[in-house]
Amino acid sequence: MAFDLVIRNGVVVDGSANPRFEADVGVEGERITAIGKNLSPGKKEIDAKGKVVTPGFIDAHTHMDMFLVLYPHGNPVINYGVTSVVIGDCGASCAPVPSGEEPVKVLVTYLRRVLDNYIDSKDWKWKTFPDYLNYLKGKVGVNVLALMPHSPVRLCVMGEDAYKREANAEELDAMKKMVREGIEAGAIGFSSSPRGGPAVHAGTPSTFATQEEIVALANTAAVYGGCFQFNGFGNLLKPQSGFPELVKRINAYMIGNEFRLRPGEKDDGPRAIAFMEEAKKNGKDIYGVVIPYQHIGRFDIQSCFFLDGLPTWESIKKPVDGLPSHLKDKTIRATLDRERNDGAGKPAFPEWLGWGQIFFDRMERSDLKSLEGKSVAEIARQSGKSAIDAFFDTWLEDNLRSRCYYLGLANGHLDLLADMIKSSQSLIGTDAGAHLDRFFWYGAPVKILSYWCREKKLFSLEKAVWKVTGFPAARLHLNRGLLKTGWPADVTVFDPDKVYDPVSARIPAKLDEQEAKRHPPGIQAVVVNGRVVVEEGQCMDAFPGKVTRQELCAPAL
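Within each chain, residue numbers correspond to sequence positions counted from 1 in written order. Reporting in this predicted model follows two pLDDT cut-offs: at least 70 for local features of residues, and 80 or more for side-chain atom pairs to be given and counted; totals over whole chains, interfaces and linings ignore these cut-offs and use all residues. Hydrogens and water are ignored here; the side-chain numbers use all heavy atoms of the structure.

A word on helix α8 (residues 268–281). A rise of 1.5 Å per residue sets the reference length of α8, with its 14 residues, at 20 Å; its end C-alpha atoms lie 20 Å apart and thus fit the reference within 8%. Categorising residues by exposure relies on relative accessible area from a 1.4 Å probe, with only protein chains included: less than 20% of the type maximum marks a residue as buried, more than 50% marks it as exposed, and the intermediate range marks it as partly exposed. Runs of E in the DSSP output that reach at least two residues are strands. Runs of H or I that reach at least four are helices, and both are numbered from the N terminus. Three or more residues of α8 are buried, namely Asp268, Gly269, Ala272, Ile273, Met276 and Ala279. Along the axis of α8, the buried positions cluster into a sector of 140°, meaning they face one direction only. Directly after α8, the chain includes glycine 283, whose backbone phi takes a positive value near 85°. By this rule the span expected of a helix is its residue count minus one, scaled by 1.5 Å. Directions drawn from the helix axis to the C-beta atoms are what define this arc.

Okay, here's the thing in structure tokens:
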């Protein structure tokens, strides 16, 4: 009897970190039914000769809650081989929807701040969290691992008071009931943004919750074997924040976002790893989401953050129309360079990694377009100038209209970032669907396989595949992440020598529809639950994604 699908002639890297082997993969219905040589014919066949056949990649942190409605195929991550995504992170989501005009307005405003302006309640075809999952069923090309989000729950129960005060006992009971309903409907856990987390979440409903409220809701999810996801990960290293005490009281396994190196805090990388390892010894599973890129910080003449706070810059930066004459002065330039190197005054940006981290992103003059995407260090080498002269000369030639970016706003130290990626306490995420003007990390699994594995030799191909498949699957308690008979057929086929993340080479101004649908080189095919959803750079109109924990998680959950 013929298989429904055979992926033939490939090299199987099965997600276990065990050595690769040559084999065909046979699929019947939604499951892998055979792995071996010379399998019977398939109704559809994919020739994977010269390619690697792996489990579908798992994205441990996204904000694709509305992207799944706007891009139901699973863009922009399905293009990169991702077959399962976590949504509802950081206590922010478009479900459940509160009653009343003002609470809905608060939720939309919050989501536009955290995600982007594409959020519009007119697009919401649901009210409750179960309604939302039911809406997604049969409509998405990627598996969806949804978290029950704190802020919408608070707004549903407390209305406008959700962003004014603590909950009373009756309201907390109502929230616990709503979280239980969400978990029973298919959520994999509960998420929150506690007070003291990232500034973008400041003043949002979940930040008004007491520690007792967060613990009670997280432990409601824990009863079902669910997880607790939180942001403000760096606060685990700050006892005064209350985060270390918070996690001691929670019975669920925990996922913190974002495990990153902030400027001037490079020691926090090894400290955080040690903290999580020690917690594990004490029976607490805490994992940090690592996004395997250096962050970018865009700037122009109105917001030159890496110079702000330096004494000379503060004395000359206003008015802007007076800057050209100052910036032509070589003495002023030399003073600025020295102050930046020394961290003089009160620099707004505490860590300076050099001119090789400053890039000209957009040039206004057409004859300067060839400099777009080049670093100041590169321009200095080509021109024979010092870096400080190359920077200001180029900017002045463009009448100070150039838009630039600093690479290393966080994760500036690649050696420490490498240790964070390799850590047994880190999960790889993308943040896809959020901050569309500056976060272009939706190719994170491919970044692991290309830059970190192939170029930097951080680990073997088998270990790299495991890091984005079998490892997160085990931590999230999924019945995915491995290629073995009887398991769901989530499969990615790629060329290990050609696959790479093209967004890294040219950072777009914004993640628009064209960018969301970009397909990277090297990804030959993506299969979700036995259906081919991507083939040769095209998304198929197939929507086999599962959306409940009952379908996606191991029976223990």
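So, on to the nonpolar core. One finds Trp124 and Tyr132 to be the most contacted residues of the largest nonpolar core, which totals 139 residues. Not counting residues up to four positions away in its chain, the partners in contact with tryptophan 124 are Met66, Cys94, Val97, Leu107, Val108, Leu111 and Ile119. Counting 33 residues, the second-largest nonpolar core is a separate cluster that includes Cys304, Ile332, Ile388 and Tyr406. Nonpolar core, defined: a set of buried Ala, Val, Leu, Ile, Met, Phe, Trp, Tyr and Cys residues in which side-chain atoms within 4.5 Å join the residues together. Here, residues are in contact when the closest pair of their heavy atoms is within 4.5 Å.

Now for the packing of aromatic side chains. Centres within 6.5 Å are what make two rings of Phe, Tyr or Trp a pair, Trp counting through its six-membered ring; a difference in plane orientation under 30 degrees is then read as stacked, over 60 as edge-to-face, and the rest as tilted. This structure, assessed with the given rule, holds 32 aromatic pairs. On the basis of an interplanar angle of 35° and a centroid distance of 6.0 Å, the ring pair of tryptophan 352 and tyrosine 406 is categorised as tilted. One end of the pair, tryptophan 352, is in the loop between α11 (330–342) and β14 (358–362); the other, tyrosine 406, is in strand β15 (residues 403–407), with 54 residues separating them in the sequence. By relative accessible area, which is 0% here, tyrosine 406 ends up buried. These aromatic residues form a ring-pair network of at least three members: Phe299, Phe305, Phe306, Phe349, Trp352, Trp355, Phe360, Phe391, Phe392, Trp395 and Tyr406.

Right, let's get into the sheet that holds β15. Strand pairing requires that DSSP identify at least two bridges connecting the strands. Spatial strand order, β13-β15-β14: 3 strands in an open sheet with antiparallel pairing. The open sheet has two edge strands, β13 (296–299) and β14, and neither has a second partner. Strand-to-strand twist across the sheet, computed as the mean angle between neighbouring axes with direction ignored, equals 30°. Here β14 pairs with β15 via 4 bridges, running antiparallel. For isoleucine 358, the partnering residue across the bridge sits in β15 and is tyrosine 406. Here an angle of 0 to 180 degrees is reported between the N-to-C directions of two axes, which are lines fitted to C-alpha atoms, with helices fitted over the stretch in contact. Along the sheet, helix α13 (residues 387–397) makes contact with β13, β14 and β15, crossing β14 at roughly 15°.

We now examine unusual backbone geometry. What you tend to see is this: most non-glycine residues have negative phi, and most peptide bonds are trans. Backbone torsion omega between asparagine 75 and proline 76 reads 5°, so that peptide bond is classified as cis. Its identity as a non-glycine residue notwithstanding, asparagine 399 has a phi of 55°, on the positive side. If you check the backbone angles, histidine 435 has positive phi at about 50° while not being a glycine. With respect to the secondary-structure elements, histidine 435 resides in the loop between β16 (426–428) and α15 (444–455).

With 17 residues, helix α5 (residues 169–185) extends 24 Å from end C-alpha to end C-alpha; this agrees with the ideal 24 Å at 1.5 Å per step. Those residues of α5 that sit buried are Glu171, Met175, Val179, Gly182 and Ile183. All buried residues of α5 lie within an arc of 115° about the axis, which places them on one face of the element. Of the exposed residues in α5, those oriented more than 90 degrees away from the buried face are Ala169 and Glu170. For α5, the secondary structure elements touched by its buried residues are α3 (129–136), β8 (143–149), α4 (150–158), β9 (189–192), α6 (211–222) and α19 (549–552). At the C-terminal side of α5, glycine 186 shows a positive phi close to 140°.

Counted as salt bridges are all cases of a side-chain nitrogen of Lys or Arg within 4 Å of a carboxyl oxygen of Asp or Glu. Taken as a whole and judged by the stated rule, the model has 31 salt bridges. Note that arginine 260 is salt-bridged to glutamate 258, the shortest N-O span being 3.7 Å. According to the relative accessible area criterion, glutamate 258 is buried, its value standing at 9%. Of the charged contacts, one joins arginine 333 and aspartate 389 as a salt bridge, the two residues approaching to 2.9 Å between their closest N and O atoms. Here arginine 333 is found in helix α11, whereas its partner aspartate 389 is found in helix α13, with 56 residues between them in sequence. For arginine 333, a relative accessible area of 2% puts it in the buried group. Three or more residues joined by partner-sharing salt bridges are found here, namely Lys330, Arg333, Lys385, Asp389 and Asp393.

What follows is about the packing of α4 against α5. Packing of α4 against α5 leaves a shortest axis separation of 9 Å and a crossing angle of 130°. Put simply, α4 runs oblique to α5. Of the two possible hands of crossing, α4 and α5 adopt the one that is right-handed. Here Val153, Arg154, Cys156, Val157 and Met158 of α4 come into contact with α5, specifically with Glu171, Ala174, Met175 and Met178. Note on residue classes: Ala, Val, Leu, Ile, Met, Phe, Trp, Tyr, Cys and Pro are nonpolar, Asp, Glu, Lys and Arg are charged, and everything else, Gly too, is polar. Here the contact of α4 with α5 is composed, by residue class, of 7 nonpolar, no polar and 2 charged. Geometric relationships in this document are graded by angle, where less than 35 degrees denotes roughly parallel, more than 145 denotes roughly antiparallel, 65 to 115 denotes roughly perpendicular, and other angles denote oblique. In a left-handed crossing the near helix is turned counterclockwise from the far helix by less than a right angle, and in a right-handed crossing that turn is clockwise.

Function cannot be read off these values alone, since they describe shape.
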